[in-house]
Amino acid sequence: DFYDAINLLQIPEGVEFIKTFSHGQSPAKGRNVIIEEALKNDCTHVLFVDDDVYPQPDAVLRLLFHDKDIVTGLYLSRSYPHRPYIFSKANPDGSCQWDFLYDGRQGLIEVVGAGMGLCLIKTPVFLALEKPWIRLGELESDNWCDDLGFFKRTREAGFKMYCDLDCIAAHAFSGKVFPKYVDGKWFSSIN
């Protein structure tokens, strides 16, 4: 499903789109491989799409349209209460407070952090930071997080970031499949 979603992304005419995939257990290492490849090929932007995030076909067009240094699409956390992966306030230690969606809120908003699951970043942002650009457990050594530390360093370097609330994506999570027998027939039930 992920590769289908990636292959359906609409790319603007005249734009060369270099697909680089990175596999492995460390998202930070994979992101750094992709950044290195982008810089080596003189790319203007890096688009991160995590393998459990499913963007709409027009996501690249929407994110590029804003011409921002850092802009994300909107997706929700997989765990209840399924908050949007955007943050409205940064604490001095780099941790952030969740932002929320409310009626009437749409369009492009400024945020202080976000998930990197659907994120477009101009390559000069990486050139302004020291390597490694993405660091696993940067803010908390026992935490899997690689995005909030990166965004803390981008804020300190003077970059602003945004989220397009109209550029939505699905965030996959695991469920449970049960065999169900009803009125003499077998069914699959997914929870």
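How each quantity is defined
- Sequence positions are assigned chain by chain, starting from 1 and proceeding in written order.
- Owing to the predicted nature of the model, reporting of local features is limited to residues with pLDDT of at least 70; listing and counting of side-chain atom pairs is limited to 80 or more, with chain, interface and lining totals taken over all residues.
- Think of the side-chain values as coming from all heavy atoms in the structure, minus any hydrogens and water.
- Planes of paired rings set the category: under 30 degrees apart is stacked, over 60 is edge-to-face and the rest tilted, where pairs are Phe, Tyr or Trp rings (Trp by its six-membered ring) whose centres lie within 6.5 Å.
- Here the term buried applies to any residue with accessible area under 20% of the maximum for its type, exposed to any over 50%, and partly exposed to those in between, with areas from a 1.4 Å probe on protein chains only.
- Two conditions define a charge sitting above a ring: the NZ of Lys or the CZ of Arg must be within 6 Å of the ring centre, and it must be within 35 degrees of the ring normal.
- A pair is scored as a salt bridge if a Lys or Arg side-chain nitrogen falls within 4 Å of a carboxyl oxygen belonging to Asp or Glu.
- Counting from the N terminus, the helices are DSSP H or I runs at least four residues long and the strands are E runs at least two residues long.
- The term nonpolar core refers to a set of buried residues drawn from Ala, Val, Leu, Ile, Met, Phe, Trp, Tyr and Cys, joined through side-chain atoms within 4.5 Å.
- Residue contacts are counted whenever heavy atoms from the two residues lie within 4.5 Å of one another.

Please clarify how the packing of aromatic side chains should be interpreted in this entry.
By convention here, two paired aromatic rings are described through the distance between centres and the angle between planes. Per the stated rule, a full pass over the model turns up 7 aromatic pairs. With 5.2 Å between their ring centres and 65 degrees between their planes, phenylalanine 150 and phenylalanine 151 make a pair best called edge-to-face. Pair check on accessibility: phenylalanine 150 and phenylalanine 151 agree, each one buried. Through successive ring pairs, a cluster of aromatic residues spans Tyr75, Tyr85, Phe87 and Trp98. One residue, arginine 31, lies across the ring of phenylalanine 48, its end atom 5.3 Å from the ring centre.

Where do I start with the pattern of salt bridges in this structure?
Two side chains that carry opposite charge are able to pair once their charged atoms sit near each other. Within this structure, the stated rule accounts for 9 salt bridges. One salt bridge connects arginine 31 with aspartate 50, and the closest N-O pair in it is separated by 3.0 Å. Taken together, the residues arginine 31 in helix α2 (residues 27-40) and aspartate 50 in the loop between β1 (45-49) and β2 (53-55) connect sequence positions 19 residues apart. You can call aspartate 50 partly exposed: its relative accessible area is 21%. The closest approach of N and O atoms between aspartate 67 and lysine 122, which form a salt bridge, is 2.7 Å. Here aspartate 67 is found in the loop between α3 (59-65) and β3 (70-74), whereas its partner lysine 122 is found in strand β8 (residues 118-122), with 55 residues between them in sequence. Residue aspartate 67 is classed as exposed on the basis of its relative accessible area, which comes to 53%. Residue classification places lysine 122 among the buried positions, given a relative accessible area of 17%.

What should I look at first to understand the environment of glutamate 37 in this one?
Positionally, glutamate 37 belongs in helix α2. Its relative accessible area of 28% is what places glutamate 37 among the partly exposed residues. As a C-alpha pair, glutamate 37 and threonine 20 span 17 residues in sequence and 7.7 Å in three-dimensional space.

For this particular structure, what's the right way to read the nonpolar core?
In summary, soluble globular proteins display a tendency toward joint burial of nonpolar side chains. Phe48, Ile70, Ile86, Met116, Ile121, Phe126 and Phe150 are the most contacted members of the largest nonpolar core, which totals 26 residues. If you list the elements that add at least two residues to this core, you get α2, β1, β3, β6 (108-111), β8, α4 (123-127), α5 (147-156) and β9 (161-171). Those residues within four positions of phenylalanine 150 in sequence are excluded, and the remaining contacts are Met116, Ile121, Val125, Phe126, Leu129, Trp133, Ile134 and Glu138. Judged by nonpolar contacts, the second largest core, of 15 residues, contains Phe2, Leu9, Val71 and Leu120.

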